[in-house]
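Chains, contacts and geometry: an overview
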Amino acid sequence: MNAELLTLVRELKARVAEGDLIASTAAAPAPRAQASVGAPAAASAEAPAAGGTLDALKEQVSACRKCPLGTQRLNAVFGVGSPSADVMFVGEGPGYQEDRQGEPFVGKAGQLLDDILKAIGLSRQTVYIANVVKCHPMTDPTNPEARGNDRPPTPEEIDECRPYLEEQIRLIKPRFVVTLGNVATRALLREEIGITRARGIWRELVVPGLERPVRLLPTFHPAALLRDPSLKRDVWTDMKNLRQELAS
Ligand code: SF4
């Protein structure tokens, strides 16, 4: 664990020890506006075949070649966690480490996410963690062994992969979805909104086939916290907000 990570963990643990898990009105309260996604999400062009279980869907993703990422990846990265989780965390896509291990959020950003979850009484086993795209987007797909070869998924790749994420949400039926960073927030809300403006504001996510919208909370991606530690305060505010809603 690096020094930055240790500092955050200490801060989070200290705040837990202080009982600072209840949203405070005195210290930087999170905005609480409720807003629906403007238009219901359009039905996906190609929905996953009816399997009815996460295991069946995972098999389908493992064999998927719908977009070019499917022929470039080392492993498809489906998701991890509880199939009946109350909260789903959604990132943008697998990176170098995730591609090798076949699990989301396993590098430094993943360690930080684990520590953030722990600070609000959650864990990788009690939530569900997935990405918008299931295969590693690379700047140079001919060299998957290279480090620093990550890039955000394109809109076309996101659209091809979206049915899998929507099906995961339909199967898990979480009470809350937390989007981590710009890409996941824009992909799920289908809005060109920046994470700095979107974070901390509850939205409603319409998923075709679900009876009710799912409440969605955008926050910063853990990798952004590693680059800019000043964002930790906002993420902590958002996590307290989530904790309070989970307890209600
Ligand atoms: S990124 Fe998604 S759509 Fe593209 S090949 Fe992988 S699983 Fe299929």
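Structure report, in brief. In this convention, every chain numbers its residues from 1, walking through the sequence in written order. A pLDDT threshold of at least 70 governs which residues receive local features in this predicted model, and a stricter bar of 80 or more applies before side-chain atom pairs are shown or counted, although totals over entire chains, interfaces and linings include all residues. Computation of side-chain values covers all heavy atoms of the structure but excludes hydrogens and water.

With that settled, the discussion passes to the site of the ligand. Near residues are defined by distance, with any heavy atom within 4 Å of the molecule or strand qualifying the residue. Near the ligand, the surroundings consist of C64, K66, C67, G70, R73, K134, C135, E160, C161 and Y164. Assessed atom by atom at 2 Å from the grid points, the ligand resides in the largest cavity. Residue contributions to the shell around the ligand peak at three residues, all from helix α6 (residues 155-172). Three categories are distinguished: nonpolar for Ala, Val, Leu, Ile, Met, Phe, Trp, Tyr, Cys and Pro, charged for Asp, Glu, Lys and Arg, and polar for the others, with Gly belonging to the last. Class assignment for the residues of the shell around the ligand results in five nonpolar, one polar and four charged. A 1.4 Å probe that fits but cannot get out identifies a cavity on a 1 Å grid over protein atoms alone, an open set with protein on both sides within 12 Å along at least five of seven lines counts as a pocket, and a residue lines either if it has an atom within 4 Å of a point. Occupancy of a cavity or pocket is assigned to a molecule whenever over half of its atoms lie within 2 Å of that pocket's grid points. Numbered from the N terminus, helices here are DSSP runs of H or I no shorter than four residues, and strands are runs of E no shorter than two.

As a further point, take helix α2 (residues 54-62). For α2, the complete set of buried residues consists of L54, L57 and V61. Viewed along the axis of α2, the buried residues span an arc of 60 degrees, placing them on a single side of the element. Those residues of α2 that are exposed and aimed more than 90 degrees away from the buried face are D55 and E59. Contacts are assigned to residue pairs that have any heavy atoms within 4.5 Å of one another. Check the buried side of α2 and you find it contacts β4 (128-131) and α6. Classification of residues uses two cut-offs on accessible area relative to the type maximum, computed with a 1.4 Å probe and protein chains only: under 20% is buried, over 50% is exposed, and between them is partly exposed. The arc in question is the one spanned by the directions pointing from the helix axis to the C-beta atoms.

Attention shifts here to the nonpolar core. In terms of nonpolar packing, the biggest core is built from 33 residues, with M88 and I169 touching the most fellow members. Only α2, β3 (87-91), β4, α6, α7 (182-189) and β7 (214-219) provide two or more residues apiece to this core. No other element matches α6, which puts six residues into this core. If near-sequence neighbours (up to four positions away) are discounted, I169 is found in contact with M88, P174, L188, L205, V207, L210 and V214. Among buried residues, the Ala, Val, Leu, Ile, Met, Phe, Trp, Tyr and Cys ones that are joined through side-chain atoms within 4.5 Å form a nonpolar core. Residues L112, L122, I195 and F220 belong to the second largest nonpolar core, which totals 28 residues.

On to the pairing of β7, then. With six of six residues buried, β7 lies mostly within the body of the structure. Burial along β7 is two-sided: V214, L216 and P218 facing one way and R215, L217 and T219 facing the other are all buried. One ladder, built from five bridges, connects strand β5 (residues 176-180) with β7; its direction is parallel. Across the sheet, the residue bridging to F176 is R215, located in β7. The pairing criterion is simple: DSSP has to find at least two bridges between the two strands. Bridge count for strand β6 (residues 203-205) against β7 is three bridges, and the pairing is antiparallel. Within β7, the position partnered with R203 by the bridge is L216.

The values are spatial; any link to function lies outside them.
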